[in-house]
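Secondary and tertiary structure notes
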Number of protein chains: 2
Amino acid sequence: MDYTERKVTGKTVFEGHIIQVELDEIALPNGRPAQREVVRHPGGVCVLALDQDAQVTLVRQYRYPMGEHIIELPAGKLDPGEEPSVAARRELEEETGLRAGKLTYLGYLLASPGFCDERLHMFLAQELEHLDSHPDEDEFLDVFTMPYSELLSKVMAGELHDAKSVAITLKTKVLLGL
Amino acid sequence: MDYTERKVTGKTVFEGHIIQVELDEIALPNGRPAQREVVRHPGGVCVLALDQDAQVTLVRQYRYPMGEHIIELPAGKLDPGEEPSVAARRELEEETGLRAGKLTYLGYLLASPGFCDERLHMFLAQELEHLDSHPDEDEFLDVFTMPYSELLSKVMAGELHDAKSVAITLKTKVLLGL
């Protein structure tokens, strides 16, 4: 069935550096009015970097919205007009100092399609080369490695929570038969 | 390392029915100032309902932020103070008319921890009983079933994009050895 919701009017209620928030008046499929709160986000990339010894590179950083330090796979926002694969290589190098000889696209995720348009492109990076790390100024994070098998155990035990990291870790298992 | 970011001042820039948006001035670990854009969300639940014949129940609905019809597992927001397992049973019944005899908690996901505090609690529902469906008024969606094996194929082919649905589908595979 076609359940398309038609925009009647709308306004931008917040214009930030990262997100933009819109409040729209819409018509439901039956013509009745409703409101939609929409967060616009530039989208991002997330990379599982798997080396020859089946070690995965992770980052641990403070996530202000949660008020916690969180473990994630290397990730970052897309620059305007940037190709996801270019962003994946850039973020991997910036955060971890790794260059990927082989980069496999694993599709994209919608982080929270009920209110937000964020698309997260997933990549598997292999044939890794260590460069000098060039972390962003004012980016505070720990970079470390863990065997893939241990990462998978943490995902299954509910000890890793970042949605994109969980999805890529599990997708990699099925893809590579790990 | 401790990379805690300290709030200096903050203001609510948007107060919606679903989300609240805050703009905070913070101090980075090195004392330098920065801004954080934060979306507060009540959190939600997502349920993979798997019947005796390994069929999964899915919903297809229009997601306004994407401007597309999207296929997802049954899901919904937590009511204030609601236990995730209560919300999971409620949403499953409301959206699909299924009652779960057995509900297994699969942990929670952080949808987008860089700017949003949304937690998504994942459940596997089994021993299902069909009730009369009671969809919410003004909720427009198609409910249908698909073999679990086909759902997994769609996830692996990159044809299913909702992050929570992808994560639960893959976690269920590893958990049940499907």
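Whatever comes next refers back to the structure up there.
Rules and cut-offs
Residues numbered from 1 in each chain as written. Chains lettered and ligands numbered in written order. Predicted model: local features only at pLDDT ≥ 70, side-chain atom pairs only at ≥ 80, totals over all residues. Heavy atoms only, no water. Helix = DSSP H or I, 4+ residues; strand = E, 2+ residues; numbered from the N terminus. Buried < 20%, exposed > 50% of the residue type's maximum accessible area, 1.4 Å probe, protein only. Polar contact = N/O pair within 3.5 Å; in protein donor to acceptor, adjacent residues only side chain to side chain. Contact = heavy atoms within 4.5 Å. Pairing = 2+ DSSP bridges. Axes fitted to C-alpha atoms, helices over the stretch in contact; angles between N-to-C directions. Least-squares fit on C-alpha atoms with pLDDT ≥ 70 in both. Buried area = accessible area lost by both parts, 1.4 Å probe. Salt bridge = Lys/Arg side-chain N within 4 Å of Asp/Glu carboxyl O. Nonpolar A, V, L, I, M, F, W, Y, C, P; charged D, E, K, R; others polar. Core = buried A, V, L, I, M, F, W, Y, C linked by side-chain atoms within 4.5 Å. Patch = residues over 30% accessible without salt bridge, like charges linked within 9 Å, V, L, I, M, F, W, Y side chains within 5 Å. Areas by Shrake-Rupley, 256 points an atom, 1.4 Å probe, with all protein chains shown as cover.

1. Some words on the side chain of His41 of chain A
Of note, His41 of chain A is situated in the loop between β3 (33-40) and β4 (44-49). When its relative accessible area of 10% is taken as the criterion, His41 of chain A is described as buried. Of the polar contacts made by the side chain of His41 of chain A, one reaches the backbone nitrogen of Gly43 of chain A; its length is 2.8 Å. Excluding its chain neighbours within four sequence positions, the residues that come into contact with His41 of chain A are Ile18, Ile19, Lys77, Cys116, Asp117 and Glu118 of chain A together with Phe115 of chain B.

2. Some points on the sheet that holds strand β1 (residues 6-15) of chain A
Residues and elements named next belong to chain A. Spatial ordering of the open sheet is given by β1-β2-β3, a layout of three strands whose pairing is antiparallel. Of all the strands in the sheet, the pair left with one neighbour each is β1 and β3. Between one strand axis and the next, the sheet turns through 20° on average, direction left out of account. Pairing geometry for β1 and strand β2 (residues 20-27), over eight bridges, is antiparallel. Bridging across to β2, Lys11 finds its partner in Leu23.

3. Observations concerning the relation of the copies chain B and chain A
Here chain B sits on chain A after a turn of 180° about the axis and a move of 0.0 Å along it, with an RMSD of 0.0 Å. In short, the pair behaves as if placed about a two-fold rotation axis. When the interface residues of chain B are mapped onto chain A, 100% of them again lie at the interface, so the same face is used by both copies.

4. Remarks on the sheet that holds strand β2 (residues 20-27) of chain B
All names here are of chain B. Spatially, the three strands line up as an open sheet ordered β1-β2-β3, and their pairing is antiparallel. Across the chains shown, the open sheet's two edge strands, defined by having one partner strand only, are β1 (6-15) and β3 (33-40). The mean angle between the axes of side-by-side strands here comes to 20°, regardless of whether they run parallel or antiparallel.

5. Some thoughts on the side chain of Glu72 of chain B
Positionally, Glu72 of chain B belongs in strand β6 (residues 68-72). Excluding residues within four positions of it along the chain, Glu72 of chain B makes contact with Pro113 of chain A together with Leu58, Val59, Gln61, Arg63, Asp162, Lys164 and Ser165 of chain B.

6. A short note on the interface of chain B and chain A
Every contact between the two is made by 68 residues of chain B and, on the other side, 68 residues of chain A. A per-residue breakdown of the area chain B buries against chain A is headed by Tyr3, Glu37 and Tyr64 of chain B, which together make up 13% of the total. At the boundary of chain B with chain A, the tally comes to two salt bridges. When the shortest N-O distance is used, the salt bridge between Arg119 of chain B and Glu68 of chain A registers 3.4 Å. For the side of chain B that touches chain A, the element with the most residues is helix α3 (residues 163-176) of chain B, which contributes nine residues. Taken together, the residues of the side of chain B that touches chain A break down into 35 nonpolar, eleven polar and 22 charged.

7. Some words on the nonpolar core
With 48 residues, the main nonpolar core has Leu48, Leu73 and Leu151 of chain A together with Leu48, Leu73 and Leu151 of chain B as its most contacted residues. Counting residues in each nonpolar core, the second largest holds 14 residues, with Val39 of chain A together with Phe14, Val21 and Val39 of chain B among its members.

8. So, a nonpolar patch on the surface
Residues and elements named next belong to chain A. Residues Leu175, Leu176 and Leu178 make up a contiguous nonpolar surface patch of roughly 240 Å² in combined accessible area. Mapped onto the elements, Leu178 comes out in the segment after α3 (163-176). A relative accessible area of 41% means that Leu178 is categorised as partly exposed.

Limitation: the analysis is restricted to geometry and does not speak to function.
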